[in-house]
Amino acid sequence: QQRPLAEVKNDVRERLVQQRAIALAQAEGKAKLAAWQAAPASAALRPPVVLARNQPQGVPPAVLKAALSAPAGADTAAWTSADLGKDGFVVLRVNHVLARAEPDAAQARQEREQLAQLLARTESQAYLAQLRAHLKAQVLAKKSTDAASDAGK
């Protein structure tokens, strides 16, 4: 049923304010990005942080992805941004890309094992998808683990 306006008024106002705040943050972030790209010396930035996929330093995944995909090099800096949705908009300057440190033997073995597991899982999923396509099979509903364990009791 439709709720009266008086009942939903505050919710609607909060959503509208949030949407406008997100739009303003994005516009301000894009303006700062353009200004800082034109005049890098005018940028007011936090101290630099070294980021890596295995050491994200607590930054959101969108920021990490933007930083690692920025077109920076060993000697060239790059500006980029990340949209965090309701959490804001981030402007990043990637100062330079560091070479990866050579992993020790244990870490290298662990990375090889993880890659082998990932490859096996990917090949298994591709094989199952191919079988489903070839046999025209489809999964209509998945059993929940709770229902299966309750049925066994």
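Let me begin by describing the structure that accompanies this report. (Residues numbered from 1 in each chain as written. Predicted model: local features only at pLDDT ≥ 70, side-chain atom pairs only at ≥ 80, totals over all residues. Heavy atoms only, no water.)

Within the chain, the secondary structure is distributed over four helices and two strands. On the principal axes, the C-alpha backbone points of the chain span a range of 65 × 65 × 35 Å. Counting every position in the chain, which comprises 153 residues, the buried fraction comes to 16%. Of the contacts formed within the chain by residues at least 6 apart in sequence, a portion of 34% connects residues at least 24 apart. Working note: accessible area of the chain is about 12900 Å², and carbon and sulfur atoms make up 55% of it. Distance between charge centroids for the chain: 6 Å, based on 21 positive and 14 negative side chains. (Helix = DSSP H or I, 4+ residues; strand = E, 2+ residues; numbered from the N terminus. Buried < 20%, exposed > 50% of the residue type's maximum accessible area, 1.4 Å probe, protein only. Contact = heavy atoms within 4.5 Å. Areas by Shrake-Rupley, 256 points an atom, 1.4 Å probe, with all protein chains shown as cover. Lys, Arg positive; Asp, Glu negative; His and termini not counted. Charge placed at Lys NZ, Arg CZ, Asp CG, Glu CD.)

Looking only at helix H2 (residues 61-69), the buried set comprises Val63, Leu64, Ala66 and Ala67. Down the axis of H2, the smallest arc covering the buried residues is 165 degrees, so these residues share one side. The outward face of H2, more than 90 degrees from its buried face, is lined by the exposed residues Pro61, Lys65 and Ser69. Each element contacted by the buried residues of H2 is listed here: strand E1 (78-83) and strand E2 (89-94). (Arc of directions from axis to C-beta.)

Two strands pair when backbone bridges link them, and E1 and E2 are joined in this way by six bridges, in the antiparallel orientation. Pairing of Thr80 across the sheet is with Leu92, part of E2. Hairpin connection between E1 and E2: a loop of five residues separates the two successive antiparallel strands, and Gly85 in this loop has a positive phi of roughly 65 degrees. (Pairing = 2+ DSSP bridges.)

To continue, consider the nonpolar core. Membership of the largest hydrophobic core is limited to ten residues, which are Val63, Ala66, Ala67, Ala70, Ala72, Ala78, Ala82, Leu84, Leu92 and Val94. Those elements that provide at least two residues to this core are H2, E1 and E2. The biggest single contributor to this core is H2, with three residues. Residues in contact with Val94, not counting those within four places in the same chain, are Ala67, Ala70, Ala72, Thr76, Ala77 and Ala78. Among the nonpolar cores identified, the runner-up in size contains six residues, and Leu33, Trp36, Ala43 and Val91 belong to it. (Core = buried A, V, L, I, M, F, W, Y, C linked by side-chain atoms within 4.5 Å.)

What follows is about the packing of aromatic side chains. Within this structure, the stated rule accounts for one aromatic pair. Taking the centre distance of 6.0 Å and the plane angle of 45 degrees together, the rings of Trp36 and Trp79 count as tilted. Separated by 43 residues along the polypeptide, Trp36 in helix H1 (residues 5-38) and Trp79 in strand E1 bring together distant segments of the chain. On the basis of relative accessible area, Trp36 is assigned to the buried category, the value being 12%. (Phe/Tyr/Trp six-rings, centres within 6.5 Å; stacked < 30°, edge-to-face > 60°.)

Locating Gln18 in the fold gives a position in helix H1. Judged by its relative accessible area of 37%, Gln18 is partly exposed. On a C-alpha basis, the gap between Gln18 and Leu118 in space is 40 Å, while along the polypeptide they are 100 residues apart.

On their own, these measurements won't tell you what the molecule is for.
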